[in-house]
Amino acid sequence: MVKKPDILHVIAWEKFTPSYIAFVERNFRHFESHCFFVLGWNSAYYVPRKANVIFGHELRKHRRVARLVRLMNTSRKILLHGLFDTCVLGLLAVQPWLLGRSYWAIWGGDLYDPPSGSWPRRNAHELLRRIVFKRLGHLLTYVGGDVDLARQRYGARGAHHECLLYPSNCYR
């Protein structure tokens, strides 16, 4: 396990997650300086075990939160691959010093879809989105409309970095 990762990736266990980790491993000389904190679990997609891949579902909730807080505070950059998770939003909201070095890779659903659940949960999630989205330092997307909407709806002020986020966004 990387003690002090240079770049922390907070990423959901989704269909593109294994290929993204493999892409970083193939294309970045210092793969070990990247740490991947994988949220959730999905048996349909195999994510290989590596020293710098942490499976959040394998940790008890208090240990998962403590580990994520420590990694966030010791990493130089935090790449947030989608911001759906209420816990991650909450951790960012109460640690505003992390937001300047956080890069939000906008997936779309995290921006366009309203939060689900009962009204108190929906309202709490939306409040956290308003607090965090506004203060994030960096917005990653190749869809300009996403940034425009984030700025209009949430007052997002972060720098826009136009980029292709995943190998699935490229074709040969």
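Since the structure is predicted, the reported quantities are computational estimates derived from the model, not experimental observations.

Looking only at helices and strands, the protein chain features 6 helices and 7 strands. Listing each helix as α and each strand as β along the protein chain from the N terminus yields β-α-β-β-α-β-α-β-α-α-β-α-β. In terms of overall dimensions, the protein chain has C-alpha extents of about 40 × 40 × 30 Å along its principal axes. Considering the protein chain as a whole, with its 172 residues, one finds that 45% of them fall into the buried category. Look at the contacts in the protein chain between residues 6 or more apart in sequence, and 61% of them connect residues 24 or more apart. As displayed, the protein chain offers around 9500 Å² of accessible surface, 55% of which is attributable to carbon and sulfur atoms. In the protein chain, the 26 positive side-chain charges and the 12 negative ones have mean positions that sit 7 Å from each other.

Once that is clear, we can look at helix α5 (residues 119–135). For α5, built from 17 residues, the straight-helix expectation of 24 Å at 1.5 Å per residue is met to within 8% by its first-to-last C-alpha distance of 25 Å. Taken together, the buried positions of α5 are His125, Glu126, Leu128, Arg129, Val132 and Phe133. For α5, the buried positions fall inside an angular range of 165 degrees around the axis, keeping them on one side. Residues of α5 that are exposed and angled more than 90 degrees away from the buried face: Trp119 and Leu127. If you follow the buried residues of α5, they end up packed against α3 (86–94), β5 (102–105), α4 (109–112) and α6 (144–154).

All right, on to the nonpolar core then. Where a protein is soluble and globular, its nonpolar side chains tend to be buried together. Leu8, Met72, Leu83, Val88, Leu92, Trp104 and Val132 are the most contacted members of the largest nonpolar core, which has 32 residues in total. Counting residues per element, the ones that place at least two in this core are β1 (7–12), β2 (34–39), α2 (61–74), β4 (77–81), α3, α5 and α6. For this core, the leading source of residues is α3, giving 5 residues. With residues up to four places along the chain from it excluded, the contact list for Val132 reads Leu83, Leu89, Leu92, Ala93 and Leu99. Tyr20, Phe36, Val47 and Ala105 belong to the second-largest nonpolar core, a separate cluster that totals 18 residues.

Turning our eyes to something else, we now look at the state of the cysteines. One pass over the structure, following the stated rule, counts 0 disulfides. As a non-bridged cysteine, Cys87 has Cys35 as the owner of its nearest cysteine sulfur, 16 Å distant. With relative accessibility at 29%, the residue Cys87 sits in the partly exposed group.

As a further point, take helix α1 (residues 17–27). What α1 keeps buried is the set Thr17, Pro18, Tyr20, Ile21 and Val24. Seen end-on, α1 carries its buried residues on one side only, within an arc spanning 165 degrees. Next to the buried residues of α1 lie β1, β2, β3 (53–55) and β4.

With that settled, consider the environment of Asn73. When you line up the elements, Asn73 lands in helix α2. When its relative accessible area of 30% is taken as the criterion, Asn73 is described as partly exposed. Separated by 65 residues in sequence, Asn73 and Leu8 place their C-alpha atoms 9.9 Å apart. Setting aside its immediate chain neighbours within four residues, Asn73 contacts Gln95, Trp97, Leu98 and Arg101. Among the polar contacts made by the side chain of Asn73, one reaches the side chain of Trp97 at a distance of 2.7 Å.

Quick look at the pattern of salt bridges now. If you walk through the whole model with that rule in mind, you get 5 salt bridges. With its nearest N and O atoms 3.6 Å apart, the salt bridge here joins Glu126 to Arg130. Remark: Arg130 and Glu126 occur in helix α5; sequence separation between them is 4 residues, near one turn of the helix. Given the relative accessible area of 17%, Glu126 is considered buried.

What counts, and where the lines are drawn
Residues numbered from 1 in each chain as written. Predicted model: local features only at pLDDT ≥ 70, side-chain atom pairs only at ≥ 80, totals over all residues. Heavy atoms only, no water. Helix = DSSP H or I, 4+ residues; strand = E, 2+ residues; numbered from the N terminus. Buried < 20%, exposed > 50% of the residue type's maximum accessible area, 1.4 Å probe, protein only. Contact = heavy atoms within 4.5 Å. Areas by Shrake-Rupley, 256 points an atom, 1.4 Å probe, with all protein chains shown as cover. Lys, Arg positive; Asp, Glu negative; His and termini not counted. Charge placed at Lys NZ, Arg CZ, Asp CG, Glu CD. Expected span 1.5 Å × (residues − 1). Arc of directions from axis to C-beta. Core = buried A, V, L, I, M, F, W, Y, C linked by side-chain atoms within 4.5 Å. Disulfide = S-S within 2.5 Å. Polar contact = N/O pair within 3.5 Å; in protein donor to acceptor, adjacent residues only side chain to side chain. Salt bridge = Lys/Arg side-chain N within 4 Å of Asp/Glu carboxyl O.

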